[in-house]
Amino acid sequence: MNASDASGFVGVRDRSWGVRPIGEPIAGPPAVPQFFWLWAPTVFEDACTHLALNHEGSGCPWHQSGAVVPTIDVSPTRRSTRTRPAGAQSRSST
């Protein structure tokens, strides 16, 4: 396998980048406190791992957790969803 071939790999993307400022700044503290955040979910053929670390800017940890769990077979299932006439909300799902 070469470096550009990602077939067979599974991954996740962290989409929690927060609120980006637009326009005039909102009044508040002059600087946002700094912190370190490491979020590392990994998926292997037989297990999944998850590591989460949060440290204050000084390096003092305030959250640390981790887990290793076996993978399970999640076969595709047939799903059916009924929507209301306007389609805005689902009425039921099976």
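For every chain, the first residue of the written sequence is number 1, and numbering continues from 1 onward in sequence order. Note on the predicted model: pLDDT of at least 70 is required for a residue's local features to be given, and 80 or more for side-chain atom pairs to be given and counted; whole-chain, interface and lining totals, by contrast, use all residues. Note that water and hydrogens are dropped before the side-chain values are worked out from all heavy atoms of the structure.

**Quick notes on the overall build of the protein**
Rules: Strands here are runs of E lasting at least two residues and helices are runs of H or I lasting at least four, both read from the DSSP assignment and numbered beginning at the N terminus. Partly exposed describes any residue whose relative accessible area lies between the buried limit of under 20% and the exposed limit of over 50%, with all areas from a 1.4 Å probe on protein chains only and scaled to the type maximum. What makes two residues a contact is simply this: any of their non-hydrogen atoms within 4.5 Å. Areas reported here follow the Shrake-Rupley algorithm with a probe of radius 1.4 Å; residue values treat only the protein chains shown as occluding.
A tally of helices and strands in the protein yields zero helices and five strands. Counting from the amino terminus, helix and strand elements in the protein follow one another as β-β-β-β-β. For the protein, buried positions account for 5% of its 94 residues. If you take every contact in the protein between residues at least 6 apart in sequence, the share linking residues at least 24 apart comes to 12%. Surface accessibility of the protein: about 9000 Å² in total, with carbon and sulfur atoms responsible for 58%.

**Let's talk about the sheet that holds strand S2 (residues 47-56)**
Heads up, the condition is: A strand pair is defined by DSSP finding two or more bridges across the two strands. Every axis corresponds to a line fitted to the C-alpha atoms, with the helix fit spanning only the stretch in contact, and the corresponding angles, defined between N-to-C directions, vary from 0 to 180 degrees.
The three strands are arranged S1-S2-S3 in an open sheet whose pairing can be described as antiparallel. For this open sheet the edge positions go to strand S1 (35-43) and strand S3 (61-70), each flanked by a neighbour on one side alone. Each neighbouring strand pair of the sheet contributes to a mean axis angle of 0°, computed without reference to strand direction. Two strands pair when backbone bridges link them, and S2 and S3 are joined in this way by nine bridges, in the antiparallel orientation. Bridged to Leu51 within S3 is Gly66.

**Quick look at the side chain of Asn54**
Tracing the backbone shows Asn54 in strand S2. Non-local contacts of Asn54, meaning those with residues more than four positions away in its chain, are made with Phe35, Phe36, Trp37, Pro61, Trp62 and His63.

**Some points on the pairing of S1**
Note on strand geometry: in a regular strand, side chains alternate between the two faces of the sheet. Where S1 meets S2, nine bridges bridge the pair, whose relative direction is antiparallel. In the sheet register, Trp39 faces S2, and the bridge partner there is Ala52. Taken together, S1 and the strand that follows it, S2, pair antiparallel across an intervening segment of three residues.

**So, the confidence of the model for the protein**
Applied cut-off: For every residue, the pLDDT score states the predictor's confidence, bounded by 0 at the bottom and 100 at the top.
Looking at the protein as a whole, its pLDDT mean stands at 76, while 60% of the residues score no less than 70. When pLDDT is averaged over each helix and strand of the protein, the minimum, 58, is found for strand S5 (residues 90-93) and the maximum, 94, for S3.

**Some remarks on the side chain of His55**
What counts is decided by this rule: Pairing of N or O atoms within 3.5 Å defines a polar contact, subject to two protein rules: one partner must be a possible hydrogen donor and the other a possible acceptor, and residues neighboring in sequence count only if both atoms are side-chain atoms.
Within the element layout of this structure, His55 appears in strand S2. A polar atom in the side chain of His55 sits 3.4 Å from the backbone oxygen of Gly59. Beyond its immediate sequence surroundings of up to four residues, His55 is in contact with Phe35, Phe36, Cys60, Pro61, Trp62 and Gln64.

**A closer look at the environment of Glu56**
Position of Glu56 relative to the elements: it lies in strand S2. With a relative accessible area of 41%, Glu56 lands in the partly exposed category. Taking the C-alpha atoms as reference points, Glu56 and Phe36, separated by 20 residues in sequence, lie 6.3 Å from one another. Not counting residues up to four positions away in its chain, the partners in contact with Glu56 are Gln34, Phe35 and Trp62.

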